[in-house]
Amino acid sequence: MERAVFSFQLEGEPVSCERYGMGHINRTYLVVTDAPRRYILQRLSRAAFHDIPGLMENVRAVTEYLARQTDDPRACLHLVPTRDGAYYERDEEGEYWRVYDFVEDSLCLQTPETAEDFYQSAVAFGSFQRLLRAFPAETLHETIPDFHNTPDRYRKFDAARKADPLGRAAGVGQEIDFVLARREEAGTLQRLREEGALPLRVTHNDTKLNNVMLDAKTRRALCVIDLDTVMPGLAAYDFGDSIRFGASTAAEDERDLDRVRLDLELYRTFVNGFVPACGSLTDAELDSLPWGARLMTLECGLRFLTDYLDGDTYFSVAFPEHNLVRARNQFRLVRDMEEKWGSMREIVRDARSR
Ligand code: ADP
Ligand code: GN1
Ligand code: MG
């Protein structure tokens, strides 16, 4: 059992602590006590996060803010304090740990089983943005600077390609060409952000379907989890990352690229859930949503490829080519979005005219 378990104010004595979930960043455990109670213990990734105290201040502030807006304990995450009354523990090795109440009677999906599941995730992420509209955004720490600054992701890719510590660059010429051919359009959202054409909102920034919990019985959205990247951002980031992951016809690491497509019906479903749930989005924001889908997918593929070149230091991998498989998969999805671009824009226009 991880020793960190004993640092937190749990109800009952821990009886088990097992690895849990499908996240790529933190190391997550399910802790069961004899009370009986269940908790989520996480060792935070120091490769991903360089200011974990700042990150935990964000999580504490956001969860407390959301908790004040609801009476339902399952409608937001709850941090469990340490025996010293802190919200995280730093161990002798310098690792950081935290505990959340386990969201009971819930489902966390890797892929939508029905369109309604995906619709519910759209409502959850849209509502999350709306509920945080009045949150003092300037108090948030930037937990990963330039997280969705796609041009900056290109600069990191250039550096990885140049350093090429494992000599992998020679084997991925096609993927490198794919990325370089899209360098200019990749700056679209960042340019609009810098020009002030799109409002900054408090966004989640990592809106995968497996970062939302559904009620196991009603299958309605309960809450949004994985709050490590909550920062000021664009509505298009949250929209786009959800489409990238949940409106693909295949898993993010499917090797058979013929199975990877954008499902336009799921895309429409998400638009119809997300846009109203956000409250009012500006016309420019609505226009930016399809770009969010295309660029979050390109950016994610670029990040997987960069990590492959770097030697897999950031994302968890199950086998040596995992990041390359993921990158190829994302690039295939980008290609399909390019083909479906007219429909993607039209679907958002339809939602606006309702
Ligand atoms: P990562 O940043 O590594 O993705 P997450 O915070 O998303 O970490 O947690 C990984 C997985 O653990 C989630 O996808 C979900 O399945 C599960 N999980 C996380 N927090 C909870 C919770 N409070 N209750 C139930 N399951 C949770
Ligand atoms: C990571 O933490 P997780 O597994 O929900 C990553 C996202 C990527 C995603 C790709 C903090 O999400 O940005 O889009 O993997 N999170 C971080 O699956 O980098
Ligand atoms: Mg996650």
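Residues numbered from 1 in each chain as written. Chains lettered and ligands numbered in written order. Predicted model: local features only at pLDDT ≥ 70, side-chain atom pairs only at ≥ 80, totals over all residues. Heavy atoms only, no water.

1. Details of the sheet that holds strand 6 (residues 106-107)
Link 1 in the chain: One open sheet accounts for three strands, arranged 6-8-9; its pairing is antiparallel. Where the open sheet ends on each side, the last strands, each with one partner, are strand 6 and strand 9 (221-224).
Link 2 in the chain: Looking at chain direction, strand 6 and strand 8 (residues 212-215) are connected through two bridges and run antiparallel. Each bridged residue has a counterpart across the sheet, and for Ser-106 the counterpart in strand 8 is Asp-215. (Pairing = 2+ DSSP bridges. Helix = DSSP H or I, 4+ residues; strand = E, 2+ residues; numbered from the N terminus.)

2. Some words on the coordination of the magnesium ion (ligand 3)
When a metal holds four donors in a tetrahedron, each ideal angle between them is 109.5 degrees; when it holds six in an octahedron, the ideal angles are 90 or 180 degrees.
Link 1 in the chain: Protein ligation of the magnesium ion (ligand 3) involves Asn-211 (OD1) and Asp-226 (OD), the donor distances falling in the range 2.2 Å. With Asn-211 in the loop between strand 7 (201-203) and strand 8 and Asp-226 in the loop between strand 9 and strand 10 (231-233), the pair connects residues that are 15 residues apart, well separated along the chain.
Link 2 in the chain: Overall, Asn-211 belongs to the buried group, its relative accessible area being 5%. (Donors = N, O, S within 2.8 Å, 3.2 Å for Na, K, Ca; no water. Buried < 20%, exposed > 50% of the residue type's maximum accessible area, 1.4 Å probe, protein only.)

3. Thoughts on the site of ligand 1
Link 1 in the chain: The local shell around ligand 1 holds 19 residues, among which Asn-26, Gln-42, Val-103, Asn-210 and Asp-226 are the closest.
Link 2 in the chain: Backbone polar atom of Asn-26 to an oxygen atom of ligand 1: 2.9 Å apart, as the coordinates give it.
Link 3 in the chain: Asn-210 is positioned with one of its backbone polar atoms (N or O) 2.8 Å from an oxygen atom of ligand 1.
Link 4 in the chain: Its free accessible area being 550 Å², ligand 1 has 96% of it covered by the protein chains.
Link 5 in the chain: Within the residue set of the shell around ligand 1, elements represented by two or more residues are strand 3 (38-43) and strand 5 (96-101).
Link 6 in the chain: Looking at the shell around ligand 1 residue by residue, the class counts come to ten nonpolar, seven polar and two charged.
Link 7 in the chain: A domain-level breakdown of the shell around ligand 1 finds at least three residues from each of domain 1 (3-104) and domain 2 (115-352). (Near = heavy atom within 4 Å. Polar contact = N/O pair within 3.5 Å; in protein donor to acceptor, adjacent residues only side chain to side chain. Areas by Shrake-Rupley, 256 points an atom, 1.4 Å probe, with all protein chains shown as cover. Nonpolar A, V, L, I, M, F, W, Y, C, P; charged D, E, K, R; others polar. Domains from an automatic or database assignment.)

4. Quick word on the domain arrangement of the protein chain
Link 1 in the chain: Examined at the domain level, the protein chain breaks down into domain 1 (3-104) and domain 2 (115-352).
Link 2 in the chain: The straight-line distance from the C-alpha centre of domain 1 to that of domain 2 is 26 Å.
Link 3 in the chain: Counting residues at the interface gives 28 residues for domain 1, matched by 29 residues for domain 2.
Link 4 in the chain: When domain 1 packs against domain 2, close to 2400 Å² is buried across both sides, 62% of that on carbon and sulfur atoms.
Link 5 in the chain: Broken down residue by residue, the surface that domain 1 buries against domain 2 is led by His-24, Asn-58 and Tyr-65, which jointly contribute 28%.
Link 6 in the chain: At the boundary of domain 1 and domain 2, one finds two salt bridges.
Link 7 in the chain: One salt bridge in this structure joins Asp-228 and Arg-98, with 2.8 Å as the shortest N-O distance.
Link 8 in the chain: The tally of links from domain 1 across to domain 2 stands at nine residue pairs in polar contact (both at pLDDT 80 or more).
Link 9 in the chain: No other element matches helix 1 (residues 52-67), which puts ten residues into the side of domain 1 that touches domain 2. (Contact = heavy atoms within 4.5 Å. Buried area = accessible area lost by both parts, 1.4 Å probe. Salt bridge = Lys/Arg side-chain N within 4 Å of Asp/Glu carboxyl O.)

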